[in-house]
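Survey of secondary and tertiary structure
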Amino acid sequence: MDLFEYQGKQYFARFGIPTSPGGIADTPEEAVARASEVGYPVVVKAQVKVGGRGKAGGVRLANDKQETRSAAEAILGMNIKGHLVRRLWIEHASDIAKEYYASFTLDRTAKLHLGMVSAKGGVEIEQVAAEDPRAIARLHINPVEGLTEEGARKLVEEASLDEEAKDQAVAVLQALYRCFVEGDADLVEVNPLILTVDGRVHALDAKVTLDDNAAYRHPEWEEYRATELEDEREKLAREKGLNYIGLDGSTGIIANGAGLAMSTLDVVNQVGGSAANFLDIGGGASADVMAAALEVINTDERVRSILVNIFGGITRCDEVARGILDALGRVELKAPIVLRLDGTNAEEGRAILADHLSERLIQETTMLSAARKAVEMAAQASGGAR
Ligand code: GDP
Ligand code: MN
């Protein structure tokens, strides 16, 4: 899970990484209020989970109320690389002498942590890596040993940070590494890490990606979940306990078991179609779960047909059949269903549905024929386009 900059900075603060005082605002009025709290001049910053906000006009300096208000008005509602700006972070503006870069991440190939520092911050690190790779100092860190002071100093020296910034940078790097490890992050990145005109090193930006696998030991992450502007369907699906991932094709997919769901995706591709999602209703799926799955898929505008592929094991096909009927009674499905039921209680399941089959609810006996039918129907519905 990615954090917004302001959340990343709050996360940093817990580990003693210095940042500028600031506050969040969802309206121009709130922006003005936050600005007077932190003191002018301020920076008004778009909170979206994508980099390059500065270039896109999502970061603006403001010297007074009027400038803050107009900056906030301009930035709220802005679309930055497909991300709608709904929230701002207002912080006291820093006087920048130098912009550096610092990050910790996992190097999967080396099976070690990787620290990177550069004196060329403020621009995209990919660009620095492409144009001047030697400007990035790298250090592999054994996670058992952690980042020693010598290690941090090596990074700082190799990156040729300014003399007066070095000691503070070493301390910031060690704190940042602790944040990365103890904070269970996959990535912590500070770009830029600045040296101010009056000689202080601090984080001007924050990118933190938390390791979702560690969520169980961080109940406090719930607050980040709450602000995650995730796909509405993914949210709905999680509330219903479904394993759903949105894709951009036109055939909605429901299967029981992750393996079968993957195979279904493959088969849909194989017959020339494209999947609108991955949805695994799991084992022992009840009528309620089936209905919920159909509801979730029904909210996807792109879906032109729904392929339900069930191989009953623990999941009983009669339960699934009842779930489908139940869902048909609850929601008006926008797309037709093509169904393949096999395995435990398949006969019973098919019998339950027999009287309800129509152009909107089609039964096929094999996975391949069901996929063909579903893809064909999706193509018809979108006028030939898949
Ligand atoms: P990003 O473009 O999404 O990475 O957003 P950043 O938070 O990194 O801000 C982009 C740029 O805005 C920085 O590299 C700085 O040059 C500038 N900026 C951000 N905050 C301040 C500030 O407090 N003072 C000044 N002078 N510039 C700032
Ligand atoms: Mn940045």
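Everything below is about the structure printed above this text.
Anyway, here's the lowdown on the structure attached to this text. Predicted model, so just to flag it, every value in this text is computed and none were measured.

So, on to the overall build of the protein chain. Across its full length, the protein chain carries 13 helices and 18 strands. By principal-axis analysis of the C-alpha atoms, the protein chain measures approximately 80 × 50 × 40 Å. In the protein chain, 70% of the contacts between residues at least 6 apart in sequence involve partners at least 24 apart. Total accessible area on the protein chain stands at roughly 17800 Å², and carbon and sulfur atoms take up 49% of it. If the 43 positive side-chain charges of the protein chain are averaged to one point and the 61 negative ones to another, these points end up 2 Å apart.

A separate point is the pattern of salt bridges. Going through the model one piece at a time under the given rule, you end up with 30 salt bridges. Between Glu182 and Arg178 there is a salt bridge, and its shortest N-O distance comes to 3.5 Å. Remark: Arg178 and Glu182 occur in helix α6 (residues 166–182); sequence separation between them is 4 residues, near one turn of the helix. According to the relative accessible area criterion, Arg178 is partly exposed, its value standing at 38%. Put simply, Arg340 and Asp342 hold a salt bridge, and the shortest N to O gap is 3.9 Å. A single salt-bridge network, built from bridges that share partners, covers Glu5, Lys9, Lys45, Arg53, Glu91 and Asp205.

Okay, the sheet that holds strand β6 (residues 88–92) next. If you walk across this open sheet you meet the 4 strands as β1-β6-β2-β3, and the pairing is antiparallel. Of all strands in the sheet, those with a lone pairing partner are β1 (22–25) and β3 (59–62), marking the two edges. Each strand axis lies, on average, 25° off the axis of its neighbour in the sheet, ignoring direction. With 4 bridges joining them, β1 and β6 adopt antiparallel strand pairing. Bridge pairing links Gly22 to Glu91 in β6. Relative to the sheet, helix α1 (residues 5–14) contacts β1, β2 (42–46) and β6, its axis offset from that of β6 by approximately 50°. Helix α2 (residues 28–38) rests against β1, β2 and β6 of the sheet, and its axis sits at about 20° to β6.

All right, on to the packing of aromatic side chains then. Enumeration over the complete set of coordinates arrives at 7 aromatic pairs. Aromatic side chains Tyr11 and Tyr224 sit 6.1 Å apart centroid to centroid with 70° between the ring planes, which places their arrangement in the edge-to-face category. Of the two residues, Tyr11 sits in helix α1 while Tyr224 sits in helix α7 (residues 222–227), which places them 213 residues apart along the sequence. Overall, the relative accessible area of 1% leaves Tyr11 in the buried class. The class for Tyr224 is buried, based on a relative accessible area of 2%. Ring centres 6.4 Å apart and planes at 25° place the aromatic pair Phe104 and Phe180 in the stacked group. Linking Phe104 in strand β7 (residues 96–107) with Phe180 in helix α6, this pair joins segments that are 76 residues apart in sequence.

Reading guide: rules and limits
Residues numbered from 1 in each chain as written. Chains lettered and ligands numbered in written order. Predicted model: local features only at pLDDT ≥ 70, side-chain atom pairs only at ≥ 80, totals over all residues. Heavy atoms only, no water. Helix = DSSP H or I, 4+ residues; strand = E, 2+ residues; numbered from the N terminus. Contact = heavy atoms within 4.5 Å. Areas by Shrake-Rupley, 256 points an atom, 1.4 Å probe, with all protein chains shown as cover. Lys, Arg positive; Asp, Glu negative; His and termini not counted. Charge placed at Lys NZ, Arg CZ, Asp CG, Glu CD. Salt bridge = Lys/Arg side-chain N within 4 Å of Asp/Glu carboxyl O. Buried < 20%, exposed > 50% of the residue type's maximum accessible area, 1.4 Å probe, protein only. Pairing = 2+ DSSP bridges. Axes fitted to C-alpha atoms, helices over the stretch in contact; angles between N-to-C directions. Phe/Tyr/Trp six-rings, centres within 6.5 Å; stacked < 30°, edge-to-face > 60°.

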